[in-house]
Amino acid sequence: MGRALLSRLTEDEKLEFLRELEVEIEEVRRQAAALAENDEYRQLLSDARGHLGRAYLSKLFIDSKLFSHYEKVSPDGRILSLTP
């Protein structure tokens, strides 16, 4: 949902949307066996958005610090886009 759409929601709709996001995030964390805390993922995303081009994370870093089931994060092997 884009920021423009989010700004049109009522406070109750925003709260419901937040609850739905929290459930989805926990499901993704469970499926991918997330190892890091949410703040660590946010910081990585922020850092990556600050770089021109692509950011590189080694598979060892991903497997040991981020996800123990990385194949479930991107099962088809695509590079995930970090642009908003």
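Shown above is the structure to which this text applies.
Basis of the calculations
- Sequence positions are assigned chain by chain, starting from 1 and proceeding in written order.
- Only residues with pLDDT of at least 70 are given local features in this predicted model, and only at 80 or more are side-chain atom pairs given and counted; all residues enter the totals for whole chains, interfaces and linings.
- Processing note: side-chain calculations cover all non-hydrogen atoms of the structure and skip hydrogens and water entirely.
- Each helix corresponds to a stretch of at least 4 residues labelled H or I by DSSP, and each strand to a stretch of at least 2 residues labelled E; elements are numbered beginning at the N terminus.
- Note on contacts: a residue pair is in contact if any heavy atoms of the two residues lie within 4.5 Å.
- Only the protein chains shown count as cover for residues, and the accessible areas themselves come from Shrake-Rupley with a 1.4 Å probe.
- For this analysis, a salt bridge means a side-chain nitrogen from Lys or Arg found within 4 Å of a carboxyl oxygen belonging to Asp or Glu.
- Under the convention used throughout, the expected extent of a helix is 1.5 Å for every residue step, that is, one less than its residue count.
- Throughout this description, buried means an accessible area under 20% of the type-specific maximum (1.4 Å probe, protein chains only), exposed means over 50%, and partly exposed covers the range between.
- In this charge count, Lys and Arg are treated as positive and Asp and Glu as negative; neither His nor the chain ends contribute.

Q: Got a minute to help me understand the overall build of the chain in this structure?
A: When you go through the chain residue by residue, the secondary structure sums to 4 helices and 0 strands. When the elements of the chain are put in sequence order from the N terminus, they spell out α-α-α-α. Restricting to contacts in the chain with at least 6 residues of sequence separation, those with at least 24 account for 57%. Entry remark: accessible area of the chain is about 7200 Å², with carbon and sulfur atoms responsible for 57%.

Q: So what exactly am I meant to see when it comes to the pattern of salt bridges here?
A: Once the charged atoms of two side chains with opposite charge are near each other, the side chains can pair. If you walk through the whole model with that rule in mind, you get 5 salt bridges. A salt bridge links Arg19 to Glu16, with the nearest nitrogen and oxygen atoms 3.2 Å apart. One end of the pair, Arg19, and the other, Glu16, are both in helix α2 (residues 11–32), 3 residues apart, so they sit about a helical turn from each other. We note a salt bridge from Lys59 to Asp63, for which the minimum N-O separation is 2.6 Å.

Q: For this particular structure, what's the right way to read unusual backbone geometry?
A: Keep in mind that most residues, glycine aside, have a negative phi and that most peptide bonds are trans. Positive phi, normally seen in glycine, also occurs at Ala33, with a value near 50°. Within the secondary structure layout, Ala33 lies in the loop between α2 and α3 (38–49).

Q: Can you help me understand α2 in this one?
A: The periodicity of an α-helix, 3.6 residues per turn, causes residues three or four positions apart to be oriented the same way. In this model, α2 (22 residues) spans 31 Å end to end at C-alpha, consistent with the 32 Å of a helix rising 1.5 Å per residue. Within two residues after α2, Ala33 carries a phi angle of roughly 50°, on the positive side.

Q: Please clarify how the side chain of Arg29 should be interpreted in this entry.
A: Note on placement: Arg29 falls in helix α2. Buried and unpaired, Arg29 has no salt bridge, with Glu26 as the nearest side chain of opposite charge at 4.3 Å. Residues contacting Arg29, with those up to four places away along its chain left out, are Ala34, Ala36, Glu37, Asn38 and Tyr41.

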